[in-house]
Structure formats: structure tokens, C-alpha cells
Amino acid sequence: MAMIVDYKKLWKDALTEIELSVSRANFVTWFKNTDIVGEENGTIFLSVPNVFVQEWLSTKFHKFILRALHRNCPSIRNIEYLINKKDVAEAVKKEKGVDVAKIKNEEQLGFNELYVDTEANLNPKYTFDSFIVGSFNEVAYAAALAITKNLGTAYNPLFIYGGVGLGKTHLLQSVGNKIRREKPDAKVHYLTSEKFANDFVTSMKNNTIHSFKEKYRKYNLLIIDDIQFFSDKLKIQEEFFHIFNSLYDKNNQIIFSSDRSPKHIVGLEERLRSRFEGGMMVDISKPEYESRLAILKAKSEEKGFLVDDEILDYIASSVQSNIRELEGALNSIIGQCKIRGRILSLQEIKDLLKKNAQPEKKVTMSQVIRAVTDFYGIEERSLFEKTRRKEIVKPRQVAMYILRVDLGVSYPYIGEKFGQRDHTTVIHAHKKIERTIEKDDVLNQEIEGIREILYGKK
Ligand code: ADP
Ligand code: MG
């Protein structure tokens, strides 16, 4: 199917649409330096500046982008995200320049992540400096640090295991970043075991298995995260076994992480298991209260937003699962303080955390409609009337907002439900409510009230 389209225009139109529905920071962060570079059989090739944007767009925004493209050009069925090498070089060059300062001011989401060291595939935000040590992780920390002093000879391999969100990736990448800084000539590479597996499969398909092997054998430090994904993938384990041996024999360092000890990874070949166990194995456990508090203190300082001790104490005692959740709770509190322009009371924080902790119940479109009309005391029918009466317009916009934000219903579909031929009305409603809740406490509470009806009492 040949298509003659003006890519520039197509992408421009899609971007215009996307821009309307994502925040400014998100838009600038993820969509700048993107371009359509080609099309084949309904697949659009989108060039992106780096791995991180590639991953972000393909996981978080894919459907969204596809919808925007599809609407503008119905024969488009898929998108492939290609990394533009030239952009990478430029981004690195600019890293220390003015551009970065400007971007920083805009408080971009995930700014740091944009500047992933593409060759080593390391995220510079993960450093030993920002890693907080407590009794729950000090052994792992010490082992990781020791490696940076005696690469390949101290503990090889190093195997770090522990539950999700406990800092394995952070620690692994800290080693990589430190080595990159101190030994610029060392060949360092970080990847997940999934990526390794994908790479392997691709190289089989493309008959490039030879260069695949060469590539992995040349590293002085190879870091493989989340090795538990090797479970039951015997062909990949076999290939990896040889790579491991070849690295190991040359005293090249290998580091692994896993969510459990090698003993507990099912479908792991015995010889590989014994290789893992032949080095240093350390675990990271859950942080206890003191460590949780120390982490929160350090993180709130790092974010430049000092939170009262009473509140930190509350978070530290109620969020016990892992560090990612701790950080998430802190972020949402800081975010709410910024939105409301004031410090939240302890009660408000309790409510906020409780709400975040509850997995949201699945609700349907008609439940949303009913909750909104119940809440405002209007009849369901009137919500769909073509009227500009204030007492109807607001509930209608709120309903559209909740459908969009909570249920992720598409604009056109909401438009259709509400008898709108043009879905820009829906986009407008979404934006309007979004803007208003930032400064209007009453509306904020109304929406919270509706959500209470929908998801149950806090
Ligand atoms: P895992 O890989 O074990 O699932 P991550 O390394 O991704 O966990 O950690 C989750 C989040 O918590 C990251 O944002 C990380 O920076 C942060 N984090 C984890 N451990 C620590 C620590 N000891 N000090 C500071 N931040 C940490
Ligand atoms: Mg991880």
C-alpha cells in the first residue's frame, strides 16, 4: 500500500492534537526532536532523540500517538520508534550548555532521564551520592562500592537480589556511572535481561549472531538487571553462559540483579546458577522505620521542599513496602502542596495517602455519569441536553473530565456519547476543569466527592 503523504504536515497535525491533551512539560520533554522519517505498509517510522524517549513514547504514549496519526491518515496502523544518532550527539554536546538550564526551569518531567548515556545506557541520576545507606542495604552498598575500586577482581560476579523498588537498579547503575567517570576508557554497558533476550532474538532473525556475541564479549563491565527474566529461556541462557565465561576469564566484571536469589529462579540452568553463586551474593531487604525516615528526609531536601518532621514520621510509619512507594508518597504530597499553594494538614495527608494506596476500582462510563448526576442532584437525561445552563454545563464538563482522566476514554468517544460532532468540545472541557481545579478548592472537593462515590469511601 503506497502512501503519498506530506510527513511534515502529518506529524505537525498530530502534534497539534497531542499538545492539546498532554501537559506542557510532558509535551516539551517527550515530543521535541521527534519527526516522521518514513512509512512502509502502514507503519510510520518516527525518529526520536534517544533510548529513553523511545521507551517512554512506545510504552506510555504509543496508543495516543497512533490514534492521533490514524485520525489524520487512516491507513496508518503502527509506529516504530527509531533513535536518531545525530540527535544523540547534539544532546550530549548541549548537556552542559544553556539549553539545559532553560529546560530545567520548565521543571520538566523526568528531565534527568533524557540524558541517558546512550553508549553505556546509564541514567546519570543513579549515583552512590544519592544512594542512602541503612542497615537494610549496607552490605549490598559496600560490595557495589568495592567493585568500583577493584573492577573484575574484588567480587566477580556480583549478584544483588531483593524485592521491587528497593534500589537494585539504582545501585547497579551507580557502579556503572562511577566507573564511567573514573575510567573513561572502560567499556561499560547496562541492560535488562529482557533487552538481552530481545537482542538475541533479533540477531537470530537477522543472521547477525556473530556480531551479537562480539558486542557482549568486549565489555569491561557488563550490568544485567532483573535476571529473573531468564527463567525458562534455555536457549538464551546457553548463549549467555558462553558470554559470561568469556568475560569472566578475562577478568571483566559482571553484575546482576534479580528479584530473588538464584536458588529461587525457576527454570535456571544449573551451570548458570552455580556461576551466579560462585561470586558474591548480597541481598537488599526492606528498610526499617529509621531508614525510611532517613530516606524521606534526604529526598525532601533533594527536592528542595522541606516537609515537617511530623509528616515525614507519618509517611515513614505508614508506607512500609519499598523505597519507590515512599518516594511516590512524598512526591504526591509535595505535588499537592504546590498545587494548593500551602502546606497540607496531617489529616489531608492521611487522606491523600489512603487514596493513593487503594488500587482504583474499575468503574464504567455509566457509573461515572450516575455518580456525577447524583452528586449534583440533576437528572441523567439533562446531562446530555444541549444547553448552556450553568447548573448543567459544569456537571457535564466534570463528567467528561473524569471519563478522560480516570477511565482514559478517548475524546472522540466521549464526544459521541455526549452528542458532540466535534470532540474539541471535550478537549476544551478537560482543559477547563484541569485549569480550574488548580485554583478552585470547591471544584476540587466536588471532584473528590464524586470519586468517593465511584471508588468508595477513603
Ligand atoms: P529496584 O530496581 O530494586 O526495583 P530501584 O533502583 O528502581 O528499585 O529504586 C526505586 C526508586 O527508589 C528509585 O527512584 C531509586 O532512586 C530510589 N531508591 C532506591 N533505593 C534508594 C536508596 N538507598 N537511596 C535513595 N534512593 C533510593
Ligand atoms: Mg530495577
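Criteria and thresholds
The residue numbering used here restarts from 1 in each chain and proceeds along that chain's sequence as written. Whichever chain is written first becomes A and whichever ligand is written first becomes 1, with later ones labelled in order. Predicted model: local features are reported for residues with pLDDT of at least 70 only, side-chain atom pairs are reported and counted for 80 or more only, and whole-chain, interface and lining totals are derived from all residues. Think of the side-chain values as coming from all heavy atoms in the structure, minus any hydrogens and water. The way it works is that DSSP assigns letters per residue, a run of H or I at least four long becomes a helix, a run of E at least two long becomes a strand, and they are numbered from the N terminus. Relative accessibility thresholds used throughout: buried, under 20% of the residue-type maximum; exposed, over 50%; partly exposed, between the two (1.4 Å probe, protein chains only). Contacts are assigned to residue pairs with any non-hydrogen atoms lying within 4.5 Å of each other. Each accessible area is a Shrake-Rupley estimate made with a 1.4 Å probe; only the visible protein chains count as cover when residues are assessed. In this analysis the probe radius is 1.4 Å and the grid spacing 1 Å, with only protein atoms considered; a cavity is a set of points the probe fits into but cannot get out of, a pocket is an open set with protein on both sides within 12 Å along at least five of seven lines, and lining residues have an atom within 4 Å of a point. Grid points are joined across faces, edges and corners, and a volume is the space filled by probe spheres set on the points. Basically, the charged four are Asp, Glu, Lys and Arg, the nonpolar ten are Ala, Val, Leu, Ile, Met, Phe, Trp, Tyr, Cys and Pro, and anything else, Gly included, counts as polar. Start and end points for every domain follow an automatic or database-based domain assignment. For Phe, Tyr and Trp, rings pair up if their centres lie within 6.5 Å, where Trp contributes its six-membered ring, and each pair is then called stacked (planes under 30 degrees apart), edge-to-face (over 60) or tilted (otherwise). Whether a charge sits over a ring comes down to the Lys NZ or Arg CZ being within 6 Å of the ring centre and within 35 degrees of the ring normal. As a per-residue measure, pLDDT reflects the predictor's confidence and takes values from 0 up to 100. The length a helix should cover is 1.5 Å for every residue beyond the first. For a residue, the bend is simply the angle between two axes, fitted respectively to the seven-residue segment ending there and the seven-residue segment starting there. A pair is scored as a salt bridge if a Lys or Arg side-chain nitrogen falls within 4 Å of a carboxyl oxygen belonging to Asp or Glu. Only heavy atoms are used to decide nearness, and a residue is near a molecule or strand if one of them lies within 4 Å of it. Polar contact is defined as a pair of N or O atoms within 3.5 Å, subject to the rule that within protein one atom must be able to donate a hydrogen and the other to accept it, and that residues adjacent in sequence are counted only when both atoms are side-chain atoms. Strands are treated as partners if at least two bridges between them are detected by DSSP. Throughout, an axis means a line fitted to C-alpha atoms (over the contacting stretch in the case of helices), and angles, computed between N-to-C directions, take values from 0 to 180 degrees. What we call a nonpolar core is a set of buried Ala, Val, Leu, Ile, Met, Phe, Trp, Tyr and Cys residues that are connected through their side-chain atoms within 4.5 Å.

Draft legend 1. Structural context of the overall build of the chain. Within the chain, the regular secondary structure consists of 22 helices and eight strands. For the chain, the proportion of its 458 residues judged to be buried stands at 47%. Here the analysis covers contacts within the chain between residues at least 6 apart in sequence; of these, 70% occur between residues at least 24 apart. Of the accessible surface of the chain, which amounts to about 23,800 Å², a share of 51% is contributed by carbon and sulfur atoms.

Draft legend 2. Representation of empty space enclosed by the protein in the model. Throughout the structure, instances matching the rule amount to one cavity of 30 Å³ or more. In this structure, the largest cavity occupies an estimated 100 Å³ of space. Along its surface, the largest cavity is lined by E17, I18, S21, F64, R67, A68, R71, R404, S410, Y411, P412 and I427. Sorting the residues of the lining of the largest cavity by element identifies α1 (7-21), α3 (51-72) and α20 (411-417) as the ones contributing at least two each. With four residues, α3 is the largest single contributor of residues to the lining of the largest cavity. The residue makeup of the lining of the largest cavity, split by class, is six nonpolar, two polar and four charged. Counting residues domain by domain, the lining of the largest cavity receives three or more from each of domain 1 (7-83) and domain 4 (365-455).

Draft legend 3. Main features of the packing of aromatic side chains. Taken as a whole and assessed by the stated rule, the structure comprises 24 aromatic pairs. Pairing F244 with F256 gives two aromatic rings, centres 6.1 Å apart and planes at 20 degrees, and the pair type is stacked. Taken as a pair, F244 in helix α11 (residues 234-249) and F256 in strand β7 (residues 253-258) lie far apart in primary sequence, twelve residues in all. On the basis of relative accessible area, F244 is assigned to the buried category, the value being 1%. R271 extends its terminal NZ or CZ atom over the ring of F241, reaching a point 4.1 Å from the ring centre. Of note, R404 hangs over the ring of Y411, and the distance from its end group to the ring centre comes to 4.4 Å.

Draft legend 4. Focus on the confidence of the model for the chain. With 90% of its residues at a pLDDT of 70 or more, the chain shows a mean pLDDT of 86. Of all helices and strands in the chain, the one with the weakest mean pLDDT is helix α5 (residues 98-105) (35), whereas strand β6 (residues 221-225) scores best (98). Segment residues 91-114 is flagged for pLDDT under 50; beyond a separation of four residues in sequence, or across chains, it makes 34 contacts in the model.

Draft legend 5. Up close: α3. Compared with the 32 Å implied by 1.5 Å per residue over 22 residues, the 27 Å span of α3 between its first and last C-alpha is markedly short. By the largest-angle criterion, F61 marks the main kink of α3, which is about 80 degrees. If you check which residues of α3 are buried, you get F52, V53, L57, F61, H62, F64, I65, L66, A68 and L69.

Draft legend 6. Fine view of the pattern of salt bridges. Enumeration according to the criterion identifies 21 salt bridges in this entry. Residues K213 and E239 are paired through a salt bridge, measuring 3.7 Å at the closest nitrogen-oxygen approach. Note that K213 is positioned in helix α10 (residues 209-217) and E239 in helix α11, a separation of 26 residues in sequence. E239 sits in the buried class, given a relative accessible area of 8%. Between R451 and E448 there is a salt bridge; the shortest N-O distance is 3.5 Å. Here the residue R451 and the residue E448 both occupy positions in helix α22 (residues 441-455), the gap between them amounting to three residues, near one helical turn. The pair R451 / E448 is uniform in exposure class, with both members buried. Among the ionic contacts, a cluster of salt bridges with common partners joins K195, D199 and K215.

Draft legend 7. Structural context of the site of ligand 1. Not every one of the 17 residues close to ligand 1 is listed here, only the nearest: I132, G165, T169, H170 and K299. A distance of 3.0 Å separates an oxygen atom of ligand 1 from a polar side-chain atom of E327. Surface burial for ligand 1 is 93%, taken as the share of its 560 Å² of free accessible area covered by protein chains. Elements with a minimum of two residues in the shell around ligand 1: α8 (168-182) and α15 (323-340).

Draft legend 8. Region of interest: the sheet that holds strand β2 (residues 43-48). Sheet architecture is open: three strands sit in the order β1-β2-β3, paired in mixed fashion. Of all strands in the sheet, those bounded by a partner on one side alone are β1 (35-40) and β3 (78-83). If you compare each strand with its neighbour and ignore which way they point, the axes differ by 25 degrees on average. Note: β1 against β2, five bridges, orientation antiparallel. The residue of β2 that forms the bridge with E40 is T43. Strands β1 and β2 of the sheet are contacted by α1, whose axis makes an angle of about 115 degrees with β1. Here α3 sits on the sheet in contact with β1, β2 and β3, set at roughly 155 degrees to β3.

Draft legend 9. Structural view of the nonpolar core. If you look at the biggest cluster of nonpolar residues, it comprises 48 residues, and the most contacted ones within it are L158, I160, L171, V175, L221, I255 and I315. Here this core takes seven residues from α15, the largest share from any one element. Residues lining this core come from more than one domain, with at least three contributed by each of domain 2 (138-284) and domain 3 (289-356). Contact partners of L221, with chain neighbours within four places excluded, come to L151, V175, G176, I179, K187, V188, H189, Q253 and I255. Formed by 30 residues, the second largest nonpolar core is a distinct cluster that contains M365, M400, V409 and A429.

Draft legend 10. Quick peek at the sheet that holds strand β5 (residues 188-192). The strand order across the open sheet built from five strands is β5-β6-β7-β4-β8, with neighbouring strands paired in parallel fashion. Each edge of the open sheet is held by one strand with a lone partner, namely β5 and β8 (280-283). Ignoring which end each strand starts from, the neighbouring axes of this sheet average 15 degrees apart. Helix α9 (residues 193-205) rests against β5 and β6 of the sheet, and its axis sits at about 95 degrees to β5.

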